[in-house]
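This is what each chain is made of:
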Amino acid sequence: MFSLYVHIPFCRERCLYCDFFLVSRLDHVERFFDALAGETRAKAPLFAGKEIGAIHFGGGTPSLVPVSLISNWLSQVAGTASLAEEIEITLEANPEDLSQVKFDELRQAGVNRLSIGVQSFTGRKLRALGRAHSEVDSFRTVTMAMERFGSVAIDLMCGAEGETLEEWEGDLAHAIGLRPQHVSVYMLTLEERTRLWREVRRGVVDLPGEEIQAAMYRQAQAMLTVAGYRQYEVSNYALDGYHSRYNLSSWKREPYLGFGPSAHSFMVSGDEEVRFSNVCSLTRYLADPAGSVDFREVLSPEQRFDEEVFLSLRINRGLPLSFLRSGREAGDGNLDEALSGFAEKGWVRIEDDILTLTGEGFLFADLIAADLIHG
Ligand code: SF4
């Protein structure tokens, strides 16, 4: 499947923990969409004539911008490539931006999946995360979205300052009660140079430790699974048939083309696999959208192997053991030793030559992948 991604780099203000590329001033939105149209024309040869299976508007906060600008860009794409009949068009949205009118406009524009950054259903926790919306917004927007969209995804975050396991269970129970088709569960991570990082360093904020975070992760697995959601990736759960096609496709290393500042792309041409990314500067992007790519690399066989192992273990389709052996030194006994060690801990299972992580193993996915690659 071939997908498109658009990074819309605007937010009202930066949340305490966020290190994404964005700006918190909105006076360049129209100029940004002019530049996006220019970048799309320049990159047209890379996707002209292809069938697009998914389009994902991420950011930033795509729900902040006028829907007419989203709609115009979709028309431009439809004039260059064909959109699959069953195309998934997802837009990431924040609860404070959503109204009935906005929902209707988005649907008319062709958006058929909303991904809402709920994070929590308690005001205390939302404030601790520095989010701009209230708990009332969280309930109201998910309820309204469920009435208007056939596919609604929500993000929840655990590990905020002062958060207890009981508070987290409450968030999960509220999410399950609203019955969105998809739930993503993220553990709060401390990214360098964020406000939260500075506050933790100064000793002003104390976050729950790793053990509590792990307990929260396991609690999410337990409650969501009992409620009928299937964990198909380390952080993602869906009712049957409602996984994110865009995300799953990128984890399966299928090609996608990114637009907007900081957007990444992965393209396959014959035997060559290329990753490239756009400049992380709105000023430079606006000045030269056609020349926005500032990093490009052709993947070496070792990089391809590493990516395949890392990404395949994150999803529940797993990895053929024969593939894993093919990338390691012939007769490397450490691999079998490592695998039986992980199996004893209950982190991996092997069936018909396919290695998959267990629910508990998902908690250690990066560690397991690194060990299997590098020994
Ligand atoms: S709304 Fe999302 S992208 Fe914007 S600052 Fe908050 S976490 Fe970052």
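Just above sits the structure.
All values reported here derive from a predicted model rather than from experimental measurement.

Undergrad: Any chance you could explain the pairing of strand β5 (residues 152-158) here in plain terms?
TA: Two faces belong to every sheet, and in a regular strand the side chains alternate between them. β5 sits mainly inside the fold: seven of its seven residues count as buried. Alternating positions in β5 separate into two faces, Val152, Ile154, Leu156 and Cys158 on one and Ala153, Asp155 and Met157 on the other, with burial throughout. Alignment of β5 against strand β6 (residues 182-187), held across six bridges, turns out to be parallel. Each residue of the ladder has a partner; that of methionine 157, found in β6, is tyrosine 186. In this fold, β5 hands off to helix α6 (residues 165-178), which returns the chain to β6; that crossover is right-handed.

Undergrad: What should I look at first to understand the pattern of salt bridges in this one?
TA: Pairing between side chains becomes possible if they bear opposite charge and their charged atoms approach one another. Scanning the model with the defined rule gives 20 salt bridges in all. Ionic pairing is found between aspartate 97 and arginine 12, a salt bridge with its closest N-O pair at 2.5 Å. Taken as a pair, aspartate 97 in the loop between β3 (82-93) and α3 (100-109) and arginine 12 in the loop between β1 (2-8) and α1 (29-47) lie far apart in primary sequence, 85 residues in all. Residue aspartate 97 is classed as buried on the basis of its relative accessible area, which comes to 11%. Under the relative-accessibility criterion, arginine 12 is labelled partly exposed at 46%. A salt bridge links arginine 148 to glutamate 147; its shortest N-O distance comes to 3.5 Å. Beyond isolated ion pairs, a larger network of salt bridges with shared partners links Arg253, Glu273, Arg275, Arg304, Glu307, Glu308 and Arg317.

Undergrad: Quick question: what am I supposed to make of the packing of aromatic side chains here?
TA: The description of an aromatic ring pair rests on the distance of the ring centres and on the angle between the ring planes. Summed over the entire model, instances satisfying the criterion amount to 14 aromatic pairs. Between the aromatic rings of tyrosine 246 and tyrosine 256, the centroid separation amounts to 6.3 Å while the plane-to-plane angle is 75°, which identifies the pairing as edge-to-face. You can see tyrosine 246 sitting in helix α9 (residues 245-251) and its partner tyrosine 256 sitting in strand β9 (residues 256-259), a full 10 residues away along the chain. Tyrosine 256 gets classed as buried once you look at its relative accessible area, which sits at 11%. Taking 5.8 Å as the distance between ring centres and 20° as the angle between the ring planes, the aromatic pair formed by phenylalanine 342 and tryptophan 347 counts as stacked. Within the aromatic cluster, the residues linked to one another by ring pairs are Phe10, Phe32, Phe33 and Tyr285. Over the ring of phenylalanine 259 we find lysine 43; its NZ or CZ atom is 5.4 Å from the centre of that ring. One cation-aromatic arrangement involves lysine 50 over phenylalanine 2; the distance from NZ or CZ to the ring centre is 5.3 Å.

About the criteria used
Residues numbered from 1 in each chain as written. Predicted model: local features only at pLDDT ≥ 70, side-chain atom pairs only at ≥ 80, totals over all residues. Heavy atoms only, no water. Buried < 20%, exposed > 50% of the residue type's maximum accessible area, 1.4 Å probe, protein only. Helix = DSSP H or I, 4+ residues; strand = E, 2+ residues; numbered from the N terminus. Pairing = 2+ DSSP bridges. Right-handed = clockwise from strand over helix to strand, strands pointing away. Salt bridge = Lys/Arg side-chain N within 4 Å of Asp/Glu carboxyl O. Phe/Tyr/Trp six-rings, centres within 6.5 Å; stacked < 30°, edge-to-face > 60°. Lys NZ or Arg CZ within 6 Å of the ring centre and 35° of its normal.

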